[in-house]
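Here is what each chain is made of, one letter per residue.
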Amino acid sequence: DTGVSQNPRHKITKRGQNVTFRCDPISEHNRLYWYRQTLGQGPEFLTYFQNEAQLEKSRLLSDRFSAERPKGSFSTLEIQRTEQGDSAMYLCASSLGLAAWETQYFGPGTRLLVL
Amino acid sequence: RKEVEQDPGPFNVPEGATVAFNCTYSNSASQSFFWYRQDCRKEPKLLMSVYSSGNEDGRFTAQLNRASQYISLLIRDSKLSDSATYLCVVNIQAGTALIFGKGTTLSVSS
């Protein structure tokens, strides 16, 4: 499968714990995006990378959230001191990054439940 | 005001029906427009881009009215497999975040 992959697919954690999610974009895609989706809502942008550079962060990305893409390939999203309000599906998307307007391809998401 | 607004539905239609979804966006600087489809508990997938001149892909027709900041999606001859949530999406600047509406749920029944 050469699509975007995300791990884990599901995560249940207790409030206050730290969690880390991983995203592997489509090979050779330079742009990588993180979104969050809660029930009944569309996905909301969190942050994005062009290669290893983090170019934009949404105000939704509080200081408990950090994202990295150290080698310009896979990315991790860490949430520290999780809160119940962090429960959501975390979606990763990637695009080639060679043209101005490109399709973003989404991974299957990581579903987080904070108890 | 939300940046992208859609009627959440649900739209319940019989097979073979024609159904139309509408969407409005608030930022006149929006540059590109899309419809994504999302099945229950799955990721969004691009259904079609929306061009100023309007475009068609089989049973699906998308229209854009920049003056009214309005986007539409028409589905003809609905199939059971069309049951999903349809997300209206805009992009303000190339290569940056997509802005999604809440989605419109369609249920097609036999």
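Heads up: these notes are all about the structure in this document. Quantities reported herein were computed from a predicted structural model and do not represent experimental measurements.

Counting residues in each nonpolar core, the largest one holds 24 residues, and the members touching the most others are Phe21(B), Trp35(B), Ile71(B), Leu73(B), Ile75(B), Tyr86(B) and Leu106(B). For this core, the elements supplying multiple residues, two or more each, are strand S3 (19–25), strand S4 (32–38), strand S5 (44–50), strand S7 (60–65), strand S8 (70–75), strand S9 (84–91) and strand S11 (104–109) of chain B. Filtering out sequence-adjacent residues up to four positions away, Ile75(B) remains in contact with Ala17(B), Thr18(B), Val19(B), Phe21(B), Arg59(B), Phe60(B), Asp82(B), Tyr86(B) and Leu106(B). Val4(A), Val19(A), Phe49(A) and Val114(A) belong to the second largest nonpolar core, which has 19 residues in total.

A cis amide bond links Asn7(A) to the next residue, Pro8(A), at an omega of -10°. By the secondary structure assignment, Pro8(A) is in the loop between strand S1 (5–7) and strand S2 (10–13). Gly9(B) connects to Pro10(B) through a cis peptide bond whose omega is 10°. Its location among the elements puts Pro10(B) in the loop between strand S1 (4–6) and strand S2 (11–14). Positioned with a positive phi, Asn51(A) is a non-glycine residue whose angle comes to about 55°. Considering the arrangement of structural elements, one finds Asn51(A) in the loop between strand S5 (44–50) and strand S6 (53–57). For Asn51(A), a relative accessible area of 30% translates into the label partly exposed. A positive phi angle, near 55°, is found at Gln69(B), a position not held by glycine.

In this section: the state of the cysteines. Applying the stated criterion across every chain yields a total of two disulfides over all chains. The side chain of Cys23(A) participates in a disulfide bridge whose partner is Cys92(A); the two sulfur atoms lie 1.8 Å from each other. Where Cys23(A) bonds to Cys92(A) through sulfur, the torsion about that S-S bond is close to -65°, and the disulfide is left-handed. Here Cys23(A) is found in strand S3 (residues 19–24), whereas its partner Cys92(A) is found in strand S9 (residues 88–95), with 69 residues between them in sequence. Accessibility expressed as a relative area gives 0% for Cys23(A), which makes it buried. We classify Cys92(A) as buried; its relative accessible area is 0%. Paired through a disulfide, Cys23(B) and Cys88(B) show a sulfur-sulfur distance of 2.0 Å.

Definitions and limits used
- Residues numbered from 1 in each chain as written.
- Chains lettered and ligands numbered in written order.
- Predicted model: local features only at pLDDT ≥ 70, side-chain atom pairs only at ≥ 80, totals over all residues.
- Heavy atoms only, no water.
- Core = buried A, V, L, I, M, F, W, Y, C linked by side-chain atoms within 4.5 Å.
- Buried < 20%, exposed > 50% of the residue type's maximum accessible area, 1.4 Å probe, protein only.
- Helix = DSSP H or I, 4+ residues; strand = E, 2+ residues; numbered from the N terminus.
- Contact = heavy atoms within 4.5 Å.
- Disulfide = S-S within 2.5 Å.

Nothing here speaks to function; it is all geometry.
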